Amino acid sequence: MSETRRPSLADQIYDQLMVKILEEEYSVDTRLPTEEVLAQSFGVSRPIVRAALSRLRDDGIVQSRRGSGSYVLRRPDRQLISFVPLNSVSGVQRCYEFRVDVEGAAAAWAARRRDEEDLAAMDHAYKFMEQTYEKNALGVEADQMLHLAVARASKNPFFASVLESLGEQIAFGVKLSRSLTLLDTPVRQELVLAEHRAVLEAIRLKQPEIAEATMRHHITAAKDRMFVGTQES
């Protein structure tokens, strides 16, 4: 995946801690080493480690317990490390965070402004997605086609321009998400389709608040299915 900037030291420590959690060097419910020990281990300052741990807390991977330190709360999908280069984990995570806000707003405006031509474009993209899912294909193009159709229905060209400019990064995340979905049960695939249907139905019915909420839920859920996984306690 192309990077818009070189990963910071905090990004690199975040990624390395994530891999240790993925590989269960630090398993669920175990306490992480102290900031001082981690700083010495990685050869960085404690503020760098603190920033990485803060990000892991924000992502729901670790949890701070007063007077006791940081504990592993959840382990991401076991297959994640098979698909993502080490220095790409942070970028994928942040791209999804960005998409939650941008595409949520785009869906809301689409619900206010869509016309029959927009609905036809979204329906066409959804049917294309269904066909790729039936074939157990990745369907990256279909997914991007549908999300772009929603953005264009907003009648605000800036939404579509942003998605197009981030096309490579978004495609990387979608490919990762779909690869993990194909390894899971068929229920997960149907869940993804249902999330898209909910967004389109809210837009069709001109319900901007629901359209925004369902789009935000879909993108957040896609991120969580990769980076949060199942809590094991």
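As shown above, the structure is provided for reference.
The structure reproduced in this document is the subject of the present report.

What counts, and at which threshold
- Residues numbered from 1 in each chain as written.
- Predicted model: local features only at pLDDT ≥ 70, side-chain atom pairs only at ≥ 80, totals over all residues.
- Heavy atoms only, no water.
- Helix = DSSP H or I, 4+ residues; strand = E, 2+ residues; numbered from the N terminus.
- Buried < 20%, exposed > 50% of the residue type's maximum accessible area, 1.4 Å probe, protein only.
- Contact = heavy atoms within 4.5 Å.
- Core = buried A, V, L, I, M, F, W, Y, C linked by side-chain atoms within 4.5 Å.
- Pairing = 2+ DSSP bridges.
- Salt bridge = Lys/Arg side-chain N within 4 Å of Asp/Glu carboxyl O.
- Phe/Tyr/Trp six-rings, centres within 6.5 Å; stacked < 30°, edge-to-face > 60°.
- Lys NZ or Arg CZ within 6 Å of the ring centre and 35° of its normal.
- Axes fitted to C-alpha atoms, helices over the stretch in contact; angles between N-to-C directions.
- Parallel < 35°, antiparallel > 145°, perpendicular 65-115°, else oblique.
- Arc of directions from axis to C-beta.
- Polar contact = N/O pair within 3.5 Å; in protein donor to acceptor, adjacent residues only side chain to side chain.

1. With respect to the overall build of the protein
Broken down by element type, the protein carries 11 helices and two strands. Reading the protein from its N end, one meets helices and strands in the order α-α-α-β-β-α-α-α-α-α-α-α-α. Taken across its 233 residues, the protein has 49% of its residues classed as buried. Across the protein, contacts joining residues at least 24 apart in sequence account for 75% of those joining residues at least 6 apart.

2. Focus on the nonpolar core
Among the nonpolar cores identified, the biggest contains 31 residues, and M122, L146, V150 and I203 are the most heavily contacted of them. Those elements giving two or more residues to this core turn out to be α5 (89-113), α6 (116-134), α7 (140-153), α9 (167-183), α10 (186-204) and α11 (208-227). Within the second largest apolar cluster, 20 residues are counted, among which are V28, A39, V44 and V62.

3. Observations regarding the pairing of strand β1 (residues 62-65)
Two elements, β1 and strand β2 (residues 69-72), share four bridges in a ladder whose sense is antiparallel. For Q63, the partnering residue across the bridge sits in β2 and is Y71. The loop that links β1 with its antiparallel partner β2 comprises three residues; one of these, G67, has a positive phi angle of about 75°.

4. Observations regarding the environment of R65
On the secondary structure map, R65 appears in strand β1. Put simply, R65 and R31 are 34 residues apart on the chain and 9.6 Å apart in space, counted from C-alpha to C-alpha. Those residues within four positions of R65 in sequence are excluded, and the remaining contacts are D29 and Y71.

5. Regarding the pattern of salt bridges
For the coordinates displayed, the defined rule picks out 16 salt bridges. The partner of K20 in a salt bridge is E25, and the shortest N-O contact between them spans 3.3 Å. One salt bridge connects D29 with R65, and the closest N-O pair in it is separated by 4.0 Å. With D29 in the loop between α1 (9-22) and α2 (35-42) and R65 in strand β1, this pair connects stretches of sequence that are 36 residues apart. Residue classification places D29 among the partly exposed residues on the basis of a relative accessible area of 38%. Judged by relative accessible area, R65 falls into the partly exposed class, the value being 34%. Look at the salt bridges and you will find they share partners, linking E35, R46 and R50 into a network.

6. Things to note about the packing of aromatic side chains
Enumeration according to the criterion identifies zero aromatic pairs in this entry. Cation over ring: R99 sits above Y96, and NZ or CZ is 5.4 Å from the ring centre. Sitting over the ring of Y133, R178 keeps its end group 3.7 Å from the ring centre.

7. Describing the packing of α9 against α10
Look at α9 against α10: their axes get within 7 Å of each other, and the N-to-C directions meet at 140°. Between α9 and α10, the angle falls in the class oblique. In contact with S177, R178, L180, T181 and L182 of α9, α10 contributes R188, Q189 and V192.

8. Concerning helix α8 (residues 157-165)
Within α8, the full set of buried residues consists of F159, A160 and L163. Seen end-on, α8 carries its buried residues on one side only, within an arc spanning 90°. Exposed residues on α8 whose side chains face more than 90 degrees from its buried face are P157, F158 and S165. The N-capping residue of α8, defined by a side-chain oxygen 3.0 Å from the backbone nitrogen of F158, is N156.

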